[in-house]
Amino acid sequence: MDIAAPLQTQQVPAKFALIVDANPQVSEALCSVLNPEEWSIVHAPDNESVLKLVEAKPFDLIITGAESCGKEDIDLLRRIRRVRPHVRLIILTDESTPTDVIMAMRERAFSYFSRPFLAASFAEIVRCAATEPLWDDGIELLSATPEWISIIARCDKKTADRLVQFFQEISDLPLSEKEDVATAFREMLLNAIEHGGNFDPNQYVEVAYVRTSKLVMCRIKDPGQGFSLDEIHHAAVNNPSYDPIRHILFREARGLRPGGYGVLLTKHLVDELLYSEKGNEVLLVKYLHSFRGTEHSP
């Protein structure tokens, strides 16, 4: 008597990504993040093909191609929203302006990258897009010009990573100053989300970015009760000179994650770091090289 062999079932990917004309850098990042057992990747040659495919079936993630400019991708995003209002779209482009990035935020792009960009940063944002369950309300643009932007952002790390990437794209600073401002902003934003918002996705931080001809200023206000900078013994900024790692013991005793260098690092990256009396609001000021009387790179 023959015994029937057990049926072999092949796992079918449950999610679909649509990629426009992916270059090797993009393809490598996607392969490292999107598990082929969970994701099926469809390639399209241009934006018009994307729109036709999206009208025919839903996609969980769309990544545009670098050959199109920011304005073209934003127009594509508007058209996609009419039929797929919650799709996550990451814009890649060779041509971009701060105004383009702001418009992408208004149209609720998931993220925005102009070349050249770091593959690791792109991969992390793709990972966030692939795993984040809720995102539509994570970043709300209250008002924006390239010189003055006001935003509220949800108190979770993935939202913080997205917001930092948007601000990096909006900033038109020389590379060294852009990196300093981005790193300092990220450190203070994460402090606000962790210690002020307790990583509570129901809480929001207020963020403002101001760019003048002489300086860049970032303001971050968290929903917490505030603190005194002199009382945060878990931060490296308060270590005495004779004990440069004292804060580590305080963090271990309180069950805090490794770290505590954010304020100290930020003080070295920006020219002024000011806290409000309550302590739940911080102001970062970076003076530009041209204002200091030195020539900066174009």
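Student: Residues and numbers for the overall build of the chain, please.
Tutor: Regarding its fold elements, the chain presents 9 helices and 11 strands. Counting every position in the chain, which comprises 298 residues, the buried fraction comes to 45%. Taking all contacts inside the chain whose residues are at least 6 apart in sequence as the whole, residues at least 24 apart take part in 65%. For the chain, the accessible area works out to roughly 15,800 Å², and carbon and sulfur atoms hold 54% of it.

Student: Describe in detail the confidence of the model for the chain, supporting the description with residues and values.
Tutor: Overall, the prediction assigns the chain a mean pLDDT of 83, with 79% of residues at 70 or greater. The model gives residues 293-298 a pLDDT under 50, and that stretch makes 5 contacts with residues more than four places away or in other chains.

Student: Can you break down unusual backbone geometry residue by residue, with the values?
Tutor: Most of the time, phi is negative for any residue but glycine, and the peptide bond is trans. For the bond running from R115 to P116, omega is 0 degrees, close enough to zero to count as cis. Its location among the elements puts P116 in the loop between β5 (111-114) and α5 (119-131). We note that R108 has phi near 65 degrees; this positive angle belongs to a residue other than glycine. Following the sequence through the fold, R108 ends up in the loop between α4 (98-106) and β5.

Student: So what's going on with the nonpolar core? Residues and values would help.
Tutor: Residues L163 and L189 are the most contacted members of the largest nonpolar core, which totals 56 residues. It is helix α7 (residues 175-196) that contributes the most residues to this core, 8 residues altogether. Setting aside its immediate chain neighbours within four residues, L163 contacts M105, I139, I151, A153, F185, L189 and V207. Formed by 22 residues, the second largest nonpolar core is a distinct cluster that contains V26, L30, F117 and I125.

Student: Please set out the pattern of salt bridges residue by residue, giving values where relevant.
Tutor: Summed over the entire model, instances satisfying the criterion amount to 14 salt bridges. With its nearest N and O atoms 3.2 Å apart, the salt bridge here joins K286 to D180. Placement of the pair is K286 in strand β11 (residues 281-287) and D180 in helix α7, with a sequence separation of 106 residues. In this structure K286 comes out as buried when scored by relative accessible area, which is 8%.

Student: Account for the sheet that holds strand β6 (residues 139-145), with residues named and values stated.
Tutor: Spatial ordering of the open sheet is given by β6-β7-β8-β9-β11-β10, a layout of 6 strands whose pairing is antiparallel. Two strands bound the open sheet, and with one partner strand each, they are β6 and β10 (272-275). Here the average twist between neighbouring strands, direction ignored, is 10 degrees. Pairing between β6 and strand β7 (residues 148-154): 6 bridges, direction antiparallel. Residue T145 lies in a different strand from β7, and its bridge partner there is W148. The strands that α4 touches are β6 and β7; relative to β6, the one it contacts most, it runs at about 145 degrees. Packing against the sheet, α7 makes contact with β7, β8 (204-211), β9 (215-221), β10 and β11, and its axis sits at approximately 175 degrees to β11.

Student: Lay out the pairing of β9 with the relevant residues and their values.
Tutor: Alignment of β8 against β9, held across 6 bridges, turns out to be antiparallel. Its bridge partner lying in β9, Y209 is registered against C218. Counting the residues that bridge the hairpin from β8 to β9 gives 3 residues. Inspection of the sheet shows β9 paired to β11 by 7 bridges, in the antiparallel sense. Residue I220 lies in a different strand from β11, and its bridge partner there is V282.

Procedures and definitions
The residue numbers shown here count from 1 along each chain, following its written sequence. Reporting in this predicted model follows two pLDDT cut-offs: at least 70 for local features of residues, and 80 or more for side-chain atom pairs to be given and counted; totals over whole chains, interfaces and linings ignore these cut-offs and use all residues. By convention in this description, side-chain values take in all heavy atoms of the structure and omit both hydrogens and water. Only DSSP runs of H or I covering at least 4 residues are called helices, and only runs of E covering at least 2 are called strands; the numbering of each starts at the N terminus. Relative accessibility decides the category of a residue: with a 1.4 Å probe and only protein chains considered, values under 20% of the type maximum give buried, values over 50% give exposed, and everything between is partly exposed. Contact between two residues is taken to exist if any of their heavy atoms lie within 4.5 Å; hydrogens are not considered. In this description, accessible areas are obtained by the Shrake-Rupley approach with a 1.4 Å probe, and a residue is regarded as covered only by the protein chains that are shown. For every residue, the predictor assigns a confidence score, pLDDT, that lies between 0 and 100. Throughout, nonpolar core names a set of buried Ala, Val, Leu, Ile, Met, Phe, Trp, Tyr and Cys residues whose side chains join them through atoms within 4.5 Å. A pairing counts as a salt bridge when a side-chain nitrogen of Lys or Arg comes within 4 Å of a carboxyl oxygen of Asp or Glu. A pair of strands counts as paired when DSSP detects no fewer than two bridges linking them. The convention used is that axes are lines fitted to C-alpha atoms, helices contributing only their stretch in contact, and that angles between N-to-C directions extend from 0 to 180 degrees.

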